[in-house]
Amino acid sequence: QLLGTPSYAAPEQVVAVGPGGGEVGPAADVYALGAVLYHLLTGRPPFRAPLPLETLLHVLHRDPVPPSKLSPKVPRDLETVCLFCLNKRPDRRYPSAEALADDLRRFLDGKPVRA
């Protein structure tokens, strides 16, 4: 059984509830933080559909609409950080929430982000 909200579940969490399961670790938390950031930037979650199962399928098989397409004033570097968090592959996200926070600090300080 999936615990949590489908729109904020990392792909590996969705796979973990199916046959064979998947490993869920800190990268799933980074994904969830990216989903919250996405919602803050756009006013909606990265994936949503009429039914929870459809939303989970979107999480697994679709890329989120870039935040700047929904909210044109989103800065490019902030969008890059957000989408980096939402990468389908856990090994292509920030390794920890601390690494994400460091990049957000870089953005706020006007420095280039690492994402």
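Since this is a predicted model, take the numbers as computed values, not measurements. (Residues numbered from 1 in each chain as written. Predicted model: local features only at pLDDT ≥ 70, side-chain atom pairs only at ≥ 80, totals over all residues. Heavy atoms only, no water.)

Caption draft 1: A look at the packing of helix H2 (residues 26–42) against helix H5 (residues 76–85). Orientation of H2 relative to H5, taken along the N-to-C sense of each, is 140°, at an axis distance of 7 Å. In terms of orientation, H2 and H5 fall into the oblique class. Here H2 runs over H5; the crossing is left-handed. On H5, the residues touching Val30, Tyr31, Gly34, Leu37, Tyr38 and Leu41 of H2 are Leu78, Val81, Cys82 and Cys85. In terms of residue class, the contact of H2 with H5 is built from 9 nonpolar, 1 polar and no charged. (Axes fitted to C-alpha atoms, helices over the stretch in contact; angles between N-to-C directions. Helix = DSSP H or I, 4+ residues; strand = E, 2+ residues; numbered from the N terminus. Parallel < 35°, antiparallel > 145°, perpendicular 65-115°, else oblique. Left-handed = near helix turned anticlockwise from the far one by under 90°. Contact = heavy atoms within 4.5 Å. Nonpolar A, V, L, I, M, F, W, Y, C, P; charged D, E, K, R; others polar.)

Caption draft 2: The arrangement of H5 in detail. Inspection of H5 places Leu78, Glu79, Val81, Cys82 and Cys85 among the buried residues, and these make up the whole buried set. Relative to the axis of H5, the buried residues are bounded by an arc of 160° and lie together on one face. (Buried < 20%, exposed > 50% of the residue type's maximum accessible area, 1.4 Å probe, protein only. Arc of directions from axis to C-beta.)

Caption draft 3: Local environment of the pattern of salt bridges. Taken as a whole, this structure holds 4 salt bridges when the rule is applied. Here Glu12 ties to Arg93 by a salt bridge, and the two come within 2.7 Å at their closest N and O atoms. Residue Glu12 is located in helix H1 (residues 11–16), and its partner Arg93 is located in the loop between H5 and helix H6 (97–108); the two are separated by 81 residues in the primary sequence. The class of Glu12 is buried, set by a relative accessible area of 8%. Classification of Arg93 as buried rests on a relative accessible area of 4%. The residue Asp91 makes a salt bridge to Arg89 at a minimum N-O spacing of 2.7 Å. A relative accessible area of 56% means that Asp91 is categorised as exposed. (Salt bridge = Lys/Arg side-chain N within 4 Å of Asp/Glu carboxyl O.)

Caption draft 4: View of the nonpolar core. Within the largest apolar cluster, 22 residues are counted, with the highest numbers of intra-cluster contacts made by Tyr31, Leu37, Leu41, Val81, Cys82, Leu86 and Tyr94. Sorting the residues of this core by element identifies H2, helix H3 (52–61) and H5 as the ones contributing at least two each. If you tally residues by element for this core, the top one is H2, at 7 residues. Setting aside residues no more than four positions away along its own chain, Cys82 makes contact with Gly34, Leu37, Tyr38, Leu41 and Pro67. (Core = buried A, V, L, I, M, F, W, Y, C linked by side-chain atoms within 4.5 Å.)

Caption draft 5: Layout of the packing of aromatic side chains. Under the definition given, this model contains 1 aromatic pair. Ring geometry for Phe84 versus Tyr94: centroids 4.7 Å apart, planes at 75°, classification edge-to-face. Placement of the pair is Phe84 in helix H5 and Tyr94 in the loop between H5 and H6, with a sequence separation of 10 residues. (Phe/Tyr/Trp six-rings, centres within 6.5 Å; stacked < 30°, edge-to-face > 60°.)

Caption draft 6: Structural detail: H2. For H2, spanning 17 residues, the distance from its first C-alpha to its last is 24 Å, which sits close to the expected 24 Å at 1.5 Å a residue. All buried positions along H2 are accounted for by Ala27, Ala28, Val30, Tyr31, Gly34, Ala35, Leu37, Tyr38, Leu41 and Thr42. Taken from the residues just after H2, Gly43 is the one with a positive phi, measuring 85°. (Expected span 1.5 Å × (residues − 1).)

Caption draft 7: View of the side chain of Ser7. Here Ser7 lies in the segment before H1. Only 2.7 Å separates the side chain of Ser7 from the backbone oxygen of Phe47, close enough to count as a polar contact. Excluding its chain neighbours within four sequence positions, the residues that come into contact with Ser7 are Ala35, Pro45, Pro46, Phe47, Arg48 and Thr55. (Polar contact = N/O pair within 3.5 Å; in protein donor to acceptor, adjacent residues only side chain to side chain.)

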